[in-house]
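Close look at the chain arrangement
Okay, here's what each chain looks like letter by letter:
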Amino acid sequence: MSMKTVLFAAGLAVLAGPALAQSYPDRPITMVVPFAAGGPTDTVARLVAQSMSQTLGQQVVIENVGGAGGTLGAGRVAKADPDGYTLLLHHIGQATSATLYRKLPYKTLEDFKAVGLVTDVPMTIVTRKDFPAKDLKELIAYVKANKDKVTLGNAGVGSASHLCGMLIQEAIQTQLVTAVYKGTGPAMNDLVGGQIDLMCDQTTNTTGQIKGGAIKAYAVTTPKRLPSMPDLPTTAEAGLPNLQVGIWHGIYAPKGTPDAAIQKLSEALQKALADENVIKRFAELGTLPEPKERATPAAHQQHVASEIARWKSVIEAAGVFAD
Ligand code: ASP
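Scoring rules and cut-offs
- Residues numbered from 1 in each chain as written.
- Predicted model: local features only at pLDDT ≥ 70, side-chain atom pairs only at ≥ 80, totals over all residues.
- Heavy atoms only, no water.
- Helix = DSSP H or I, 4+ residues; strand = E, 2+ residues; numbered from the N terminus.
- Rg over C-alpha atoms; globule rule 2.2 N^0.38 Å.
- Buried < 20%, exposed > 50% of the residue type's maximum accessible area, 1.4 Å probe, protein only.
- Contact = heavy atoms within 4.5 Å.
- Areas by Shrake-Rupley, 256 points an atom, 1.4 Å probe, with all protein chains shown as cover.
- Lys, Arg positive; Asp, Glu negative; His and termini not counted.
- Charge placed at Lys NZ, Arg CZ, Asp CG, Glu CD.
- 1 Å grid on protein atoms, 1.4 Å probe; cavity = no way out; pocket = protein on both sides within 12 Å on 5 of 7 lines; lining within 4 Å.
- Points joined across faces, edges and corners; volume = space filled by probe spheres on them.
- Nonpolar A, V, L, I, M, F, W, Y, C, P; charged D, E, K, R; others polar.
- Axes fitted to C-alpha atoms, helices over the stretch in contact; angles between N-to-C directions.
- Parallel < 35°, antiparallel > 145°, perpendicular 65-115°, else oblique.
- Left-handed = near helix turned anticlockwise from the far one by under 90°.
- Pairing = 2+ DSSP bridges.
- Core = buried A, V, L, I, M, F, W, Y, C linked by side-chain atoms within 4.5 Å.
- Phe/Tyr/Trp six-rings, centres within 6.5 Å; stacked < 30°, edge-to-face > 60°.
- Lys NZ or Arg CZ within 6 Å of the ring centre and 35° of its normal.

This paragraph deals with the overall build of the protein. For the protein, the count of helices and strands is twelve helices and nine strands. Taking 2.2 N^0.38 as the reference for a compact globule, 323 residues should give roughly 20 Å; the C-alpha atoms of the protein span a radius of gyration of 21 Å, in line with that estimate. Burial status across the protein gives 53% buried among its 323 residues. A separation threshold of at least 6 residues defines the contact pool for the protein, and within that pool the share at least 24 residues apart is 78%. When the accessible area of the protein is evaluated, it comes to approximately 14000 Å², of which 56% is carbon and sulfur surface. A gap of 2 Å separates the mean positions of the 30 positive and 28 negative side-chain charges of the protein.

Moving on, we come to the environment of Gln 175. Mapped onto the secondary structure, Gln 175 falls in the loop between α6 (160–172) and β6 (177–180). Separated by 32 residues in sequence, Gln 175 and Val 143 have C-alpha atoms that sit 9.5 Å apart. When sequence neighbours within four positions are dropped, the list of residues in contact with Gln 175 reads Lys 147 and Gln 169.

A few words on the layout of surface pockets. When its volume is computed, the largest pocket comes out at roughly 310 Å³. Broken down by element, the residue count for the lining of the largest pocket peaks at three residues, all from strand β4 (residues 112–128). Here the lining of the largest pocket is composed, by residue class, of nine nonpolar, seven polar and five charged.

Attention now goes to the packing of helix α4 (residues 93–100) against helix α12 (residues 297–318). Running from amino to carboxyl end, α4 crosses α12 at an angle of 45°, the nearest separation of the two axes being 8 Å. Between α4 and α12, the angle is such that the two are oblique. Crossing angle aside, the handedness with which α4 passes α12 is right-handed. Here α4 contributes Ala 95, Thr 96, Ala 98, Thr 99 and Leu 100 to the contact with α12, which in turn contributes Val 304, Glu 307, Ile 308, Trp 311, Lys 312, Ile 315 and Glu 316.

Once that is clear, we can look at empty space enclosed by the protein. Here the structure, examined in full by the defined rule, presents two cavities of 30 Å³ or more. Its boundaries defined by the atoms lining it, the largest cavity holds a volume of some 70 Å³. In this structure, the largest cavity is lined by 13 residues; those nearest its centre are Phe 35, Pro 40, Thr 41, Thr 184 and Gln 202. Mapped onto the lining of the largest cavity, the elements with two or more residues apiece are α2 (40–56), α6 and β7 (198–202). Split by residue class, the lining of the largest cavity holds four nonpolar, eight polar and one charged. Taken as a whole, the second largest cavity holds about 40 Å³ of empty space. Contributions of two or more residues to the lining of the second largest cavity are made by β4 and α12. Among the residues making up the lining of the second largest cavity, the classes are represented as five nonpolar, two polar and no charged.

Time to look at the pairing of β7. Counting buried positions over the five residues of β7 gives five, a clear majority of the element. Of the pairings in the sheet, the one linking β4 to β7 comprises five bridges and is antiparallel in character. Bridging across to β7, Ile 125 finds its partner in Cys 200.

What follows covers the nonpolar core. Ranked by size, the top nonpolar core spans 47 residues in total, and within it Leu 136 and Val 245 carry the most contacts. In terms of residues, this core owes the most to one element, α6, which gives seven residues. When residues no more than four places from it in sequence are discounted, the contact partners of Val 245 are Ile 92, Met 123, Leu 163, Cys 164, Leu 167, Thr 221 and Trp 311. Counting 31 residues, the second-largest nonpolar core is a separate cluster that includes Leu 47, Ile 62, Val 115 and Leu 285.

For the coordinates displayed, the defined rule picks out four aromatic pairs. Measuring from centroid to centroid gives 5.8 Å for Phe 112 and Tyr 252, while their planes differ by 70°, and the two rings are edge-to-face. Of this pair, Phe 112 sits in strand β4 while Tyr 252 sits in strand β9 (residues 246–254), and the two are 140 residues apart along the sequence. One exposure class covers both Phe 112 and Tyr 252, and it is buried. Here Phe 131 and Tyr 142 contribute two aromatic rings whose centre-to-centre distance is 5.1 Å and whose plane-to-plane angle is 75°, an arrangement assigned as edge-to-face. With Phe 131 in the loop between β4 and α5 (136–145) and Tyr 142 in helix α5, this residue pair connects regions lying eleven residues apart in the sequence. Each member of the aromatic cluster is reached from another via a ring pair, and the members are Tyr 106, Phe 112 and Tyr 252. In this structure, Arg 27 is placed above the aromatic ring of Tyr 85, and the distance from its NZ or CZ to the ring centre is 3.7 Å.

In structure tokens, the structure reads:
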């Protein structure tokens, strides 16, 4: 490359930032949800995407790519063109899968650019409505006595339901039979239908079914009770004091996405998290938007790194891995 070409290329790179910032986005953006439609991650994504679409002036369209505990969808985004038009909305599984999977088709910290954190959703321990236990203590006793019969639904290794199920099984020292789905939307249909017995899933999927009496709830995995379901005890109150977990969600773009696009996306996310409709719906579903300072690329990137480190030892101690 001649010196002239190098200087010309450098000039273009300098121009690319402001020029892109003005025109981006000029067509619809795809937001990949790495689980089935109708589930809790999908619900969060659709709410936020709708508000972000208004700010960005372009549709943010959800694409559900379920399978392999969220790693299929994440892999699809890691390999997408880094032009700001393909995003990922994923949860804590983005961090836990880095240890759970012996081989991942991407490098979690290097192949994505963080956009910002979205919300930290509580989990609930729920069963089919005719499950023979009136509280968590009875549930644990029943599960221990019937461990070959009780089926635990989850969305695959790396999913939040898998993680919470793993923590329950660890806490009660009992291995259960699992039924694996592409997301807990379809798993919930089977729980309501009585085809499976037990699940631990985000309130963004369980609240409506609990309130409607379609399933039974035993505990929420937060230190305090939820204003949306004040009668539901915490895991500590119900007898599993060490089972506390929140399912944080964040938005990512493939590495190489221009910083100007990431910045615009992060600002649109921050606006979505201050949107009255999003706040109201989140509250009804038992969750809260992340504060503005956590909905930034730097805070999110740091959070993913610290969460990978935090869960590594827990997962290694449990000895649960996937290929
Ligand atoms: N709740 C699911 C999980 O277990 C994911 C989903 O369907 O949104 O990770």
